[in-house]
Amino acid sequence: DENSELYAKLIAGLQKENELAPLNISAVQRTIEHCSRLVEDSEKLSLHMGSLLDLLREGDYWAKQSGQQEIGEQHIQKAIDTRQYRQDQIRERVHEQVIRGDYLLDTSGEKVAQINALSIIQLGDYAFGRPSRVTATARLGQGKVIDIEREVKLGGSIHSKGVMILSSYLANRYAKDQPISLSASLVFEQSYGFVEGDSASAAELCALLSALSEVPIKQNYSVTGSVNQYGEIQTIGGVNEKIEGFFDVCKTRGLTGDQAVIIPQQNVKHLMLNADVREAVEQDVFAVYSVQTIDQLMELLTGKEAGVKDKNNHYPAGTINHMVQKRIDQLNTLRKYFADENKVKKRDFSRKNEFK
């Protein structure tokens, strides 16, 4: 389009001004694509001249090394790859921990109250995705969802806000006219650093719903996205790096064809994935799904219908929401039973004191 043409002219101007080898069409295309990825948006382009000029200079170097008179796509790609290689040591170490089994992460099978969330590690201008295991527990209590990261001072305020939203969602959806007698805990397993951001709140809510309904979650999926009090999935940052982080683990272990990443619908326009991920998606050995609500997300993760309330305000039997509602009602009944039992004990104790 017009903007791409103007950007191509900008590239040509930098090439002439710095006396670099000319770029062929495929090299210009790859440069524009990479500059779009730099701003994490398929509808925008980076105007950071320093980064663009560095890329062109490295492409010119690799073209001359191979004895070519013009810069081709392969030279631009080599400049991108070698730059990543120079910065990639920490990502490789983290990746190695997962592959060797030191860092526990399942990419197949099903587990109750366990899910693969996606986080991002930022190192200066370099970032990479790291899959993380999130687990949840649910039991009789007083309506509090405990964020273990916050309790031990490893969670930031935005992350804590995301967890507090989960409590509001549960109360609003399943216990609008009664107190919710639930106590739950959420944690990033094997996380020893500071956790910030709310991009895992959708995954945390899914783990919590799985714990309540006892419906297992597919471990061949990984999830990123924040959630609001009404169960709507919201946009997050670093979507490309997060997808590629889970893809790299699956690729090393062996792609099975049913592995996927689930992202917010609003993040689709930000997708600028590496060629190997795009190729795997085209060959149907890996997938990227987008969702708008927590119900859609749970249906993908479990293979079961989420369920919508009927005219009598009841969820259909056998659906996830019905099972969650049933469990919360059971907890409320148990809390009432124990409260009544304590009243009886207190009354009996007081009568004994009267006799004394």
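Residues numbered from 1 in each chain as written. Predicted model: local features only at pLDDT ≥ 70, side-chain atom pairs only at ≥ 80, totals over all residues. Heavy atoms only, no water.

Q: For the overall build of the chain, give the residues involved together with the corresponding values.
A: Tallying secondary structure elements over the chain gives 12 helices and 11 strands in all. What you see for the chain is a C-alpha radius of gyration of 26 Å, clearly larger than the 21 Å of a compact globule of 356 residues, by over 25%. If you line up the chain on its principal axes, its C-alpha atoms span 105 × 45 × 35 Å. Here the chain, with 356 residues, has 45% of them falling under the buried criterion. Counting every atom, the chain has about 18800 Å² of accessible surface; 49% of that belongs to carbon and sulfur. Side chains of the chain give 43 positive and 49 negative charges; the mean places of these two sets differ by 11 Å. (Helix = DSSP H or I, 4+ residues; strand = E, 2+ residues; numbered from the N terminus. Rg over C-alpha atoms; globule rule 2.2 N^0.38 Å. Buried < 20%, exposed > 50% of the residue type's maximum accessible area, 1.4 Å probe, protein only. Areas by Shrake-Rupley, 256 points an atom, 1.4 Å probe, with all protein chains shown as cover. Lys, Arg positive; Asp, Glu negative; His and termini not counted. Charge placed at Lys NZ, Arg CZ, Asp CG, Glu CD.)

Q: Which residues make up the environment of L6, and what values do they have?
A: Looking at the element boundaries, L6 is found in helix α1 (residues 2–17). A residue is classified by how much of its surface remains accessible, and L6, at 46% relative accessible area, is partly exposed. Each C-alpha atom of the pair L6 and R100 lies 48 Å from the other, and the pair is 94 residues apart in sequence.

Q: Account for the packing of helix α5 (residues 89–99) against helix α9 (residues 239–253), naming residues and giving values.
A: Running from N to C, α5 and α9 point in directions that differ by 50 degrees, and their axes come no closer than 10 Å. Classified by the angle their axes make, α5 and α9 are oblique. When you trace α5 past α9, the crossing you get is right-handed. Every residue of α9 that contacts α5 at R91, H95, V98 and I99 is listed here: D248, V249, T252 and R253. Across the contact of α5 with α9, the residue classes break down as three nonpolar, two polar and three charged. (Axes fitted to C-alpha atoms, helices over the stretch in contact; angles between N-to-C directions. Parallel < 35°, antiparallel > 145°, perpendicular 65-115°, else oblique. Left-handed = near helix turned anticlockwise from the far one by under 90°. Contact = heavy atoms within 4.5 Å. Nonpolar A, V, L, I, M, F, W, Y, C, P; charged D, E, K, R; others polar.)

Q: Can you tell me about the nonpolar core, naming the residues and giving the values?
A: Counting residues in hydrophobic clusters, the biggest one holds 44 residues, and the most contacted among them are I115, L170, L297 and L301. Among the elements that take part in this core, helix α8 (residues 201–213) stands out by supplying eight residues, more than any other. Leaving out residues up to four positions away in the same chain, L301 has contacts with I115, C206, P216, I217, K218, Y221, V223 and I262. With 18 residues, the next largest nonpolar core counts Y7, I11, A21 and L52 among its residues. (Core = buried A, V, L, I, M, F, W, Y, C linked by side-chain atoms within 4.5 Å.)

Q: Hey, could you go over unusual backbone geometry for me, with residue numbers and the actual values?
A: Unlike most non-glycine residues, A113 shows phi in positive territory, near 60 degrees. Turning to its location among the elements, A113 is positioned in the loop between β1 (110–111) and β2 (114–123). Accessibility expressed as a relative area gives 7% for A113, which makes it buried.

Q: Got a sec to walk through the side chain of E204? Specific residues and values, please.
A: Take E204: it is sitting in helix α8. Among buried charged residues, E204 stands out as having no salt bridge; its nearest opposite-charge side chain is K242, 12 Å away. Discounting residues that sit within four places of it in the chain, E204 has contacts with V134, H159, V163, L166, L186 and F188. (Salt bridge = Lys/Arg side-chain N within 4 Å of Asp/Glu carboxyl O.)

Q: Outline the environment of Y221, supporting the account with residue identities and numerical values.
A: With respect to the helices and strands, Y221 occurs in strand β7 (residues 221–223). On the accessibility criterion, Y221 (8% relative accessible area) is buried. Separated by 111 residues in sequence, Y221 and E110 have C-alpha atoms that sit 9.9 Å apart. Apart from the residues within four sequence positions on either side, Y221 is in contact with N116, F246, D258, A260, I262, Y289, L300 and L301.

Q: Which residues make up α5, and what are the values?
A: Here α5 has its buried residues at R91, V94, H95 and V98. Angular distribution of buried residues about the axis of α5 spans 100 degrees; they occupy a single face of the element. Buried residues along α5 sit against α4 (73–87), β3 (126–140) and α9. Looking one or two places after α5, you find G101, whose phi comes out positive at around 90 degrees. (Arc of directions from axis to C-beta.)

Q: Please provide a residue-by-residue account of the packing of α1 against helix α2 (residues 25–38), values included.
A: To characterise two packed helices, one gives the angle between the axes of the helices and the distance between these axes. Where α1 contacts α2, the axes come no closer than 10 Å and their chain directions differ by 105 degrees. As the angle between them shows, α1 and α2 are arranged roughly perpendicular. For the pair α1 and α2, the contacting residues are S4, Y7, A8 and I11 in the first and V28, T31, I32 and C35 in the second. Per-class residue counts for the contact of α1 with α2 are six nonpolar, two polar and no charged.

Q: Outline the sheet that holds β3, listing residues and values.
A: As summarised here, the arrangement of the seven strands in space is β4-β5-β3-β2-β7-β10-β11, forming an open sheet in which the pairing is mixed. Each edge of the open sheet is held by one strand with a lone partner, namely β4 (144–147) and β11 (287–291). Averaged over all pairs of adjacent strands, the angle between strand axes in this sheet comes to 30 degrees, irrespective of strand direction. Across three bridges, β7 lies against strand β10 (residues 260–264) in parallel orientation. Its bridge partner lying in β10, S222 is registered against V261. Lying on the sheet, α5 is in contact with β2 and β3; it crosses β3 at an angle near 35 degrees. Packing against the sheet, α8 makes contact with β2, β3, β4, β5 (182–188) and β7, and its axis sits at approximately 30 degrees to β3. (Pairing = 2+ DSSP bridges.)

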